[in-house]
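A structural walkthrough
Here is what each chain is made of, one letter per residue.
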Protein chains: 2
Amino acid sequence: MELVKCVPNFSEGRNEADVEAIVDAARAHDVSVLDVSPDADHNRTDVTLVGEPEPVSAAAMDLAVEAVERIDMREHSGEHPRMGAIDVVPFVPLLDTSMETCIELAEAFAADFAERTGVPTYLYEEAARRPDRENLAAVRKGEYEGLRDAIGTDPDREPDFGPNHIHETGGATAVGARFFLVAFNVNLDTEDREVASRIAEAVRHSSGGYRHVKAMGFEIEDRGIVQVSMNMTDYRATPLFRVFETIRDEAAREGVGVVGSELVGLIPMEPILDAAAHYLRLEDFGGEQVLERQLVEELV
Amino acid sequence: MELVKCVPNFSEGRNEADVEAIVDAARAHDVSVLDVSPDADHNRTDVTLVGEPEPVSAAAMDLAVEAVERIDMREHSGEHPRMGAIDVVPFVPLLDTSMETCIELAEAFAADFAERTGVPTYLYEEAARRPDRENLAAVRKGEYEGLRDAIGTDPDREPDFGPNHIHETGGATAVGARFFLVAFNVNLDTEDREVASRIAEAVRHSSGGYRHVKAMGFEIEDRGIVQVSMNMTDYRATPLFRVFETIRDEAAREGVGVVGSELVGLIPMEPILDAAAHYLRLEDFGGEQVLERQLVEELV
């Protein structure tokens, strides 16, 4: 069975009635609405939808259309960067679902959404058709106000779908496919932040480390220790256990021990099972043996 | 949320219409029927029900009553030991559900079932009220035919619920609570079966090892290696990773490496997460952070 997550972000986080009406448009479908997080300062709401690809896409579409109908970007303000009423629509593969499935979902969603609403729509991250759109920040550069002026004149800002001008009230939308982002921190038994920073440098992509690791060194003052704080952006290609072992080795070289680690927030089963399979040297272990996963497949 | 598994075993594995009718009695409830395994040689069917305690218990009850109505133990034959039309009804805790919950379920089920059907009913394993009923084999000693003669005369065979005589067609039933049994095998890089046998002896309860491990040493001839084959009867109290590390240490002492391990069949997420948490030294990691588990809680 294929299972995907979609996290549409829309530009309303203050008017409860509007937030509810927009989310209700998704709830009408056969999907699980796992989380709804309105933020008044950001004036933005993230919604987590999980289910099979088709109903998730249909739920996200109704939510997106409702957001375009209710939100006027000319009057929107908030701390979070944004360019549209429905700002971003990322599709994330779960279970054994492939990234290809999510790229296809994103493409079909973007074409259909632009057609139905007249909102210019960009494909980003794994779904990007141009390298300069892999980074969402580049797609959203200048936000609503900046894009309104640039689109139609700057050829680099021409959308992948929809008209080559801003939608006055709906702005513009980015639709993408990306991996599940896992926040993974490793705590080290020293007060010396430099140790954490050196190790972060050793494991992160930008300075020669693993391809799908972003990392920083921090102090945790109340515990008198330091932390290598990471975002794992593709746990299939760069597994947690491998990075953990590298950190342990580098820390040992500094004469420092690993006191523990943390997984932050919601996390799929897969990278945790992968770690168990690695350390227990499991042969032919498949996630489909896991009872909770069978339940999900049975119930979704 | 509380989640339990129940695996009623009934004494019909040949007549498809009867098997279907008995299982359908459970399907009418709001539970997941994960598996139905009729076995013609055993003339017996195992059914795996998963869901919240009340609907699972109600589904198992309707299944049990249907089995008593359809099966005549006077005419039953099969290779598997059995004493009743509905032979055993074990309740197994899942997620964070406690064993206490399953013991209470078993007690209530046994009382209600005996009342409704007049079938003498015994509590076994964790639900046993006498030490000599912890072992199912002792409860079922002599099977239907032997128990028919012994019950009413031997005070040790008096049932926990129901009349002190056999139910002519329905026989007798054992209702219990037990942990999820995990089959876990560790493969060793030697052809010497004695090594596997010595290590099995080191880790198993019966010869001084871990409290909840049953173990044997085997040869795997086609691979030219040996295996420590285990049943982990309570993975909470005796975790897989601890036994694995002991086996690795004992094997090293013999100059032998661990080539791999195997988890056989359906397995709950919990012991695998526990292994990952151990090796990655996760602090405060809770299964509730796992997306698939949240889906199960959302969907059940």
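Scroll up for the structure.
So, a few notes on the structure that sits alongside this text. Only a predicted model underlies this, so the values are computations on that prediction, with no experimental measurement involved. (Residues numbered from 1 in each chain as written. Chains lettered and ligands numbered in written order. Predicted model: local features only at pLDDT ≥ 70, side-chain atom pairs only at ≥ 80, totals over all residues. Heavy atoms only, no water.)

Quick look at the overall build of chain A
The helix and strand inventory of chain A stands at nine helices and 11 strands. Relative to its length of 300 residues, chain A is compact, with a C-alpha radius of gyration of 21 Å against a globular reference of 19 Å. Projected onto the principal axes, the alpha-carbon positions of chain A cover approximately 60 × 45 × 35 Å. Here chain A holds 300 residues, and 55% of them are scored as buried. Contacts in chain A between residues far apart in sequence, at least 24 positions, make up 72% of those at least 6 positions apart. If you sum the accessible surface of chain A, you get close to 12300 Å²; carbon and sulfur atoms cover 42% of it. (Helix = DSSP H or I, 4+ residues; strand = E, 2+ residues; numbered from the N terminus. Rg over C-alpha atoms; globule rule 2.2 N^0.38 Å. Buried < 20%, exposed > 50% of the residue type's maximum accessible area, 1.4 Å probe, protein only. Contact = heavy atoms within 4.5 Å. Areas by Shrake-Rupley, 256 points an atom, 1.4 Å probe, with all protein chains shown as cover.)

Regarding the nonpolar core
Membership of the largest hydrophobic core comes to 94 residues, with the highest contact counts inside it found for A:Phe184, A:Leu188, A:Met230, B:Phe184, B:Leu188 and B:Met230. Setting aside anything within four residues of it in sequence, one finds A:Leu188 in contact with A:Val195, A:Ala196, A:Ile199, A:Ile225, A:Val226, A:Val228, A:Ile247, A:Ala251, A:Val256, A:Gly257, A:Val258 and A:Val259. (Core = buried A, V, L, I, M, F, W, Y, C linked by side-chain atoms within 4.5 Å.)

Examining the environment of A:Glu283
Within the secondary structure, A:Glu283 sits in the loop between helix 8 (269-279) and helix 9 (291-299). With near-sequence residues (within four places) excluded, A:Glu283 lies in contact with B:Asn187, B:Arg223, B:Val259, B:Gly260, B:Ser261 and B:Glu262. For A:Glu283, the side chain forms a polar contact with the side chain of B:Asn187, separated by 3.2 Å. (Polar contact = N/O pair within 3.5 Å; in protein donor to acceptor, adjacent residues only side chain to side chain.)

A look at the packing of aromatic side chains
The relation between two aromatic rings is expressed through the spacing of the ring centres and the mutual angle of the planes. Here the structure, examined in full by the defined rule, presents seven aromatic pairs over all chains. Summarising the aromatic geometry, the rings of A:Tyr279 and B:Tyr279 are spaced 4.8 Å apart at their centres and angled 10 degrees between planes, so their arrangement reads as stacked. Of the two residues, A:Tyr279 is situated in helix 8 and B:Tyr279 in helix 8 (residues 269-279); the pairing between them involves two chains. The exposure classification of A:Tyr279 matches that of B:Tyr279, with both residues buried. Ring centres 6.0 Å apart and planes at 15 degrees place the aromatic pair B:Phe109 and B:Phe113 in the stacked group. One end of the pair is B:Phe109 and the other is B:Phe113, both in helix 3 (residues 99-117) and four residues apart, which spans about a single turn. Classification of B:Phe109 by relative accessible area gives buried; the value is 2%. Sitting over the ring of A:Phe180, A:Lys5 keeps its end group 3.9 Å from the ring centre. (Phe/Tyr/Trp six-rings, centres within 6.5 Å; stacked < 30°, edge-to-face > 60°. Lys NZ or Arg CZ within 6 Å of the ring centre and 35° of its normal.)

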